[in-house]
Amino acid sequence: MLDDSPINLLSMDRKTMESFFLDMGEKRFRAKQLLQWIYQRNVVNVDEMTDLSKSLRKKLGLEACFTMPEIVSQQLSKDGTCKWLLKLRDGNCIETVYIPEKDRGTLCVSSQVGCGLNCTFCATARQGYNRNLDVDEIISQVWIANNALESIGVGGYFQDDDSTNQSSNSTFTVDQRRPVTNVVMMGMGEPLLNFDNVVASMNLMMDDFSFGLSKRRVTLSTAGVVPAISRLAETCPVSLAVSLHAPTDDLRNRLVPINKKYPIEQLLDACRQYVGEKNRQRITFEYVMLKGVNDSPAQALQLAKLLVDMPAKVNLIPFNPFDGVQFARSNSKTIDRFTETLLDQGVFTIKRRTRGDDIDAACGQLAGNFHDRTKRSIRMSQQRVSFS
Ligand code: SAH
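Residues numbered from 1 in each chain as written. Predicted model: local features only at pLDDT ≥ 70, side-chain atom pairs only at ≥ 80, totals over all residues. Heavy atoms only, no water.

1. Remarks on the sheet that holds strand β14 (residues 348–351)
Here we have ten strands laid out as an open sheet, ordered β3-β4-β5-β6-β9-β10-β11-β12-β13-β14, and mixed in their pairing. Unpaired on one side and paired on the other, β3 (70–76) and β14 mark the two borders of the sheet. Pairwise comparison of adjacent strand axes, ignoring direction, gives a mean angle of 20° for this sheet. Where strand β13 (residues 312–318) lies against β14, four bridges are found, and the strand directions are parallel. Across the sheet, Leu316 pairs through a bridge with Lys351, a residue of β14. The strands touched by helix α9 (residues 264–276) are β11 (239–243) and β12 (283–289); relative to β12, the strand with the most contacts, the crossing angle is about 145°. (Pairing = 2+ DSSP bridges. Helix = DSSP H or I, 4+ residues; strand = E, 2+ residues; numbered from the N terminus. Axes fitted to C-alpha atoms, helices over the stretch in contact; angles between N-to-C directions. Contact = heavy atoms within 4.5 Å.)

Printed below as a string of structure tokens:
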């Protein structure tokens, strides 16, 4: 970007925005005002920001902008799930999904354009990888979802009072019911490989002057980038989910190839350390149920053994098939038996309901539409991947 091109105010968390205003010769508190306008009142036009002086509005009009991805399409599933295809400034497209439930509205947010990890059962992996998302591209997904859902009258959940970071000096008085009450970094990409931008965005999600979500309501899901798990514990201890999917290294190496670099034992050590530090919450272990591959009672016992001393919750995800994939979903009896085996071993286990599959919005189905710089998508279409 040229030095004199306008700076995107959506790319700044509170600290960065405070420095921006101080550098301009303005007071620090301008950052709080700006954040409230943008994220609490959905206002992205400086002329409407009536508590800023005229001269500051003029300066911001010249030097700053509020650039967001453009909504290419919005699809509403029959179960209320909503999926957006968003076009970024370079023409690449990503997907974001909203999943309404009785007591919450969860937004599944993307962190990269595509994914470089190549998990063998994931549709995003098939599409290859282009680049990391910037802070503005990540936080805009939450802004766009709230704004779009409010304008179509979907959502409207009360934020409960579990937010420990509510600040009493916030002067903001508008009704804080927003459609998005929870965020899961479970869309396209591996969030821990885009660490700084993801952390800055999650800080914005949790900022009292922005969306004000508590850290319990922001979950980061990783395939197991071990060194970054420790960094996250120190810098931004949100709720953690780990895509485990297999109870042995041999099988996990084949399903989640990053396991060859960071095997299960190292991964679980990092998880134990994560809960041991500031974060007392259980870690969620995601386990996609693949017919005849990882769903036997013996594998359930192996999994229970792995998690014996871990504050864990296992989330069993029925596999969502897509074109050309060699895996099949375990049948419900098998999933029930797997669940019972884990429960008998004292492991807290839930089966995730598949949502939004009529609009390809379920786990692992997010594909976007982008230029694959890795050429993996071409290689994959030329060769049938076999798994045995
Ligand atoms: N890279 C991160 C974030 C993606 S989260 C991670 O791996 O955790 C997406 C979740 O959906 C992960 O648990 C992923 O393993 C799972 N998933 C991927 N493809 C799937 C599919 N086809 N069916 C069900 N779950 C899938």
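2. Here's the deal with the pattern of salt bridges
Opposite charge on two side chains permits pairing when their charged atoms draw close. For the structure shown, the criterion picks out 17 salt bridges. A salt bridge links Arg89 to Glu137; the shortest N-O distance between them is 3.7 Å. In this pair, Arg89 sits in the loop between β4 (82–87) and β5 (93–100) while Glu137 sits in helix α5 (residues 135–152), placing the two residues 48 residues apart along the sequence. The class of Arg89 is exposed, set by a relative accessible area of 53%. (Salt bridge = Lys/Arg side-chain N within 4 Å of Asp/Glu carboxyl O. Buried < 20%, exposed > 50% of the residue type's maximum accessible area, 1.4 Å probe, protein only.)

3. Here's the deal with the site of the ligand
Looking at the ligand, there are 20 residues lining it, with Phe121, Ser221, Ser243, His245 and Asn320 nearest. The side chain of His245 places a nitrogen or oxygen atom 2.6 Å from an oxygen atom of the ligand. Note that a nitrogen atom of the ligand is positioned 2.9 Å from one of the backbone N or O atoms of Asn320. In terms of residue class, the shell around the ligand is built from ten nonpolar, eight polar and two charged. (Near = heavy atom within 4 Å. Polar contact = N/O pair within 3.5 Å; in protein donor to acceptor, adjacent residues only side chain to side chain. Nonpolar A, V, L, I, M, F, W, Y, C, P; charged D, E, K, R; others polar.)

4. As for the nonpolar core
Core analysis: the largest hydrophobic core is formed by 114 residues, its most contacted members being Leu34, Leu60, Phe121, Met202, Met205, Leu232 and Phe285. Contact partners of Met202, with chain neighbours within four places excluded, come to Met185, Val218, Leu220, Leu232, Cys236 and Val238. By size, the runner-up hydrophobic cluster in this structure holds six residues, among which are Ile99, Val184, Ile359 and Ala361. (Core = buried A, V, L, I, M, F, W, Y, C linked by side-chain atoms within 4.5 Å.)

As far as function goes, none of this settles anything; it's purely spatial.
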